[in-house]
Amino acid sequence: MPLTQRFTAGQVKRIVADYEAGDSATSIAREHGVAPSALLRFLRQQHAVIRQSGVTDKHAQRLISEHAAGATLAELERRHHLSHGAVFRALHRFD
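Residues numbered from 1 in each chain as written. Predicted model: local features only at pLDDT ≥ 70, side-chain atom pairs only at ≥ 80, totals over all residues. Heavy atoms only, no water.

> Go over the packing of aromatic side chains, please, and point to the residues and values.
This model, assessed by the stated rule, comprises 1 aromatic pair. Of note, R51 hangs over the ring of Y19, and the distance from its end group to the ring centre comes to 4.0 Å. (Phe/Tyr/Trp six-rings, centres within 6.5 Å; stacked < 30°, edge-to-face > 60°. Lys NZ or Arg CZ within 6 Å of the ring centre and 35° of its normal.)

> Could you give an account of the packing of helix α6 (residues 73–80) against helix α7 (residues 84–91), naming the residues involved and the relevant values?
One way to put it is that α6 packs onto α7 with a least axis distance of 9 Å and a crossing angle of 110°. The angle between α6 and α7 falls in the class roughly perpendicular. For the element pair α6 and α7, the recorded crossing hand is right-handed. Here L73, L76 and E77 of α6 come into contact with α7, specifically with H84, V87, F88 and L91. Its residues assigned to classes, the contact of α6 with α7 comprises 5 nonpolar, 1 polar and 1 charged. (Axes fitted to C-alpha atoms, helices over the stretch in contact; angles between N-to-C directions. Helix = DSSP H or I, 4+ residues; strand = E, 2+ residues; numbered from the N terminus. Parallel < 35°, antiparallel > 145°, perpendicular 65-115°, else oblique. Left-handed = near helix turned anticlockwise from the far one by under 90°. Contact = heavy atoms within 4.5 Å. Nonpolar A, V, L, I, M, F, W, Y, C, P; charged D, E, K, R; others polar.)

What follows is the structure, given as C-alpha cells:
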C-alpha cells in the first residue's frame, strides 16, 4: 500500500513537520514502521526539502560542546535523533 494511502492528513503534516524540524528520516521511518528510503520518497512527494545526509559543521560544533559539557554519546544520539556513527564522526571531525 502506498504511503500516501497509509497515513491520515494529520499524520502527513506531522511527518513533514518533524522532518523539517530536524528529525532524521531514519527515526521517523522507524516510528512509522516504514523503510527510510520509502519515507524519503514520500517526503519528496510532499514537496519537503530533503536535507543532505550527515551532520553540518555547525551541528558538529554543537555536539562537541554538549559532549564536552558531559553529555554521553547515547544522550546525544537521542537528543539529536542521530545514529551512533553520525555522532561519533561529528565528535572527531575536527581532530
